[in-house]
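Coordinate analysis (summary)
Residues per chain, in single letters:
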Amino acid sequence: MEKIAIFASGTGSNAQKIIEYFQGHPQIEVSLVVSNKAAAPVLEKATAAGVDTTVITRSSFYGTTALLDELKAKGIRFIVLAGFLWLVPAYLIAAYPQRMVNIHPALLPKFGGKGMYGKHVHQAVKDAGEKESGITIHWVTPEYDEGGIIFQARCPVDASDQPEDIARKVRQLEHEHLAPVVEKLLTERSTTN
Ligand code: GAR
């Protein structure tokens, strides 16, 4: 089994989709959901689906390897950031080379970087008068939103669209594509690495 951990800070609609997608999958299992917020709805969703959860603090995440130890102990081989807003420290990225992806709710390299998350992204897309937006799935590096792009999908943005309308279209693309892209990355890989 390829065991996945999902890191999420918020609602967790993407985490839920991924969990559902891999339920009963012959090769891939979501084994852990990690959040930096004890009250994040994603934790309840994970627990309801029978997935273990762990809450991290800033000091443990940046100052110790406690989370990495837990990931290793659980046999986690791949990490998906789905609405996780903290920068990932270098020690963790080094432990998961080409094994950690992030989903971003816009077409990178536009509309990325610190502070560009959730509705701020969709507002910026509207303010810029963009005719389209979309999603980007990319490798995680020690900088925000800078890793190599693995996958993008696009949706039209109409002049009358409000940020919430763009958010709805983008979320639909996320829910449709994130789990299958993760599946492809994991199943197309040789079993030896
Ligand atoms: C998603 O739209 C994801 O792309 C975004 O947070 C949302 C989480 O939604 N991530 C970022 O903005 C990262 N910069 P969810 O909690 O319902 O899955």
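I will try to describe carefully the structure that is included in this document.

1. As for the pairing of strand β2 (residues 28-35)
- Along β2, seven of the eight residues are buried, which leaves the element largely enclosed by surrounding structure.
- In the sheet, strand β1 (residues 2-7) pairs with β2 via six bridges, with the strands oriented parallel. If you follow K3 over to β2, its bridge partner there is E29.
- Regarding topology, helix α1 (residues 13-22) serves as the crossover connection from β1 to the parallel β2, and that connection is right-handed.
- Note that β2 and strand β3 (residues 52-55) share four bridges and pair parallel. Bridge pairing links V33 to T53 in β3.
- Handedness of the β2-helix α2 (residues 41-48)-β3 crossover: right-handed.

2. Regarding the packing of α1 against helix α7 (residues 163-187)
- Two elements in contact, α1 and α7, have axes whose closest approach is 9 Å; the angle formed by their N-to-C orientations is 45°. By the angle class used here, α1 and α7 are oblique. Crossing hand, α1 versus α7: right-handed. Contacts from S13, N14, K17, I18, Y21 and F22 of α1 reach α7 at R171, E174, H175, L178, A179, P180, V182 and E183.
- Here the residues of the contact of α1 with α7 are counted per class, giving seven nonpolar, three polar and four charged.

3. Re unusual backbone geometry
- Backbone torsion omega between L108 and P109 reads 10°, so that peptide bond is classified as cis.
- Mapped onto the secondary structure, P109 falls in the loop between β5 (100-104) and α6 (118-127).
- Within the chain, F111 stands out as a residue other than glycine whose phi angle is a positive 60°.
- Mapped onto the elements, F111 comes out in the loop between β5 and α6.
- On the accessibility criterion, F111 (17% relative accessible area) is buried.
- For D145, which is not glycine, the phi torsion reads 60° and is therefore positive.
- Here D145 shows up in the loop between β6 (132-139) and β7 (149-156).
- Judged by relative accessible area, which is 14%, D145 ranks as buried.

Definitions and limits used
Residues numbered from 1 in each chain as written. Predicted model: local features only at pLDDT ≥ 70, side-chain atom pairs only at ≥ 80, totals over all residues. Heavy atoms only, no water. Buried < 20%, exposed > 50% of the residue type's maximum accessible area, 1.4 Å probe, protein only. Helix = DSSP H or I, 4+ residues; strand = E, 2+ residues; numbered from the N terminus. Pairing = 2+ DSSP bridges. Right-handed = clockwise from strand over helix to strand, strands pointing away. Axes fitted to C-alpha atoms, helices over the stretch in contact; angles between N-to-C directions. Parallel < 35°, antiparallel > 145°, perpendicular 65-115°, else oblique. Left-handed = near helix turned anticlockwise from the far one by under 90°. Contact = heavy atoms within 4.5 Å. Nonpolar A, V, L, I, M, F, W, Y, C, P; charged D, E, K, R; others polar.

Read these as layout, nothing more, since geometry by itself doesn't imply function.
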